[in-house]
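Examining the three-dimensional arrangement
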Amino acid sequence: PAPVQYGPRVKSVAVYLSEYQLLPFDRLAEIMRDLFACERFSEGTLANFKADCSRRLAPVAAAIRDLATAAPVAGFDETGVRATGSLHWLHTVSTRLLTWYYAHPRRGRNAMDAAGVLADYRGCAVHDFWKPYFDYGCDHALCNGHLLRELTFLWEEQSQKWAKAMIDHLLAIKEAAAAARAASLTALPSPDQERFLKGYERIVKAGYLQNPVTPAPGPKRRGRRKQSKARNLLDRFRDHPDSILAFMRDFAVPFDNNQSERDLRMMKLRQKISGTFRTFTALANFCRIRGYVSTARKNGLNALDALQRAFHGNPFVPAINTS
């Protein structure tokens, strides 16, 4: 009913600059004044734009979550974010063509259950070694990028020879998998898998020989004895060979979880640029809008065009067979 109202293009540009380009409000308001003569553009106006956009995208976000839950392979990750003056956690589910974000005050099982993805997920979940992921009955693949960083530390800082051997071995498997994929195979041939697994087991055995259990000084204490970083990592390699080497048995499983890490990286940048979220609703709106834009871009759409479509009531919805 107001004599002057902002149209869909102005709204989409403002949300684009705030939620996608991550501009702080002062710079965004200056751009809106210079480009659109919005002389009295306020933070409340911007908040209303984002709330309106988020409301329009609610069905799309639900569709993205359902498609991610049905994906044969998906990456899972989480990162801390400040909201309402305290630490919250932003969880992501990522595929090659989908991004879905979920914010929650907790990091572990409670948040994962509330997100409503892993409880029904039956594909292969790619993640780091955050133990709550293993509470769910899907297949698991561990991020070898994380493992390589830990192995590099052990080799460079502690001269662990087995760690260097494992680095070379994992990279050799990755190279062999890339060559087989280029030859249109979907997995390494069985003889190659067996050969690489035996080499993997030999390196783990050598690692334990280099890191024997030493007698505890003083009287024996109750509880589990603290281990070295090398022994902890060796236990992980010993107990989870199927998850670590999943990428050589199914080329749909990536070598690492870089896709999810890239999808979360901009969230940390947003906090550095624009500060914390004043309300949890603002954080939830940001997650919904950012997940929609990320999904649209992965599917070849222009980010600003995707937001304009949302304000015009015709948002982009990913296809059912998206993976």
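We now turn to the structure provided with this report. (Residues numbered from 1 in each chain as written. Predicted model: local features only at pLDDT ≥ 70, side-chain atom pairs only at ≥ 80, totals over all residues. Heavy atoms only, no water.)

1. Observations concerning helix 1 (residues 8–20)
Along its 13 residues, helix 1 runs 17 Å from first to last C-alpha, staying within 8% of the 18 Å computed at 1.5 Å per residue. Across the 13 residues that make up helix 1, a large majority, 10, are buried. Within the sequence span of helix 1, burial applies to V10, S12, V13, A14, V15, Y16, L17, S18, E19 and Y20. One or two positions beyond helix 1, positive phi appears at L22, with a value near 65 degrees. (Helix = DSSP H or I, 4+ residues; strand = E, 2+ residues; numbered from the N terminus. Expected span 1.5 Å × (residues − 1). Buried < 20%, exposed > 50% of the residue type's maximum accessible area, 1.4 Å probe, protein only.)

2. Some thoughts on the pattern of salt bridges
Applying the stated criterion to the full structure yields 18 salt bridges. Close ionic contact of D66 with R65 constitutes a salt bridge, the shortest N to O distance being 3.7 Å. Look at R65 and you get partly exposed, because its relative accessible area is 29%. A salt bridge links D242 to R249, with the nearest nitrogen and oxygen atoms 3.8 Å apart. By relative accessible area, R249 is classed as partly exposed at 30%. One network of salt bridges, in which partners are shared, links K11, D52, R55 and R56. (Salt bridge = Lys/Arg side-chain N within 4 Å of Asp/Glu carboxyl O.)

3. Things to note about the sheet that holds strand 4 (residues 124–127)
The five strands lie next to each other as 3-2-1-4-5, forming an open sheet whose pairing is mixed. Taken across any chain shown, the strands that pair with only one partner, and hence form the sheet edges, are strand 3 (99–104) and strand 5 (139–142). For this sheet the average axis-to-axis angle between neighbouring strands, irrespective of direction, equals 30 degrees. Pairing of strand 4 with strand 5, which is carried by four bridges, proceeds in the parallel orientation. Bridge pairing in strand 5 links C124 to D139. Each of strand 1 (73–83), strand 2 (86–94) and strand 3 is contacted by helix 11 (residues 258–274), which is oriented at about 15 degrees to strand 1, the strand it contacts most. (Pairing = 2+ DSSP bridges. Axes fitted to C-alpha atoms, helices over the stretch in contact; angles between N-to-C directions. Contact = heavy atoms within 4.5 Å.)

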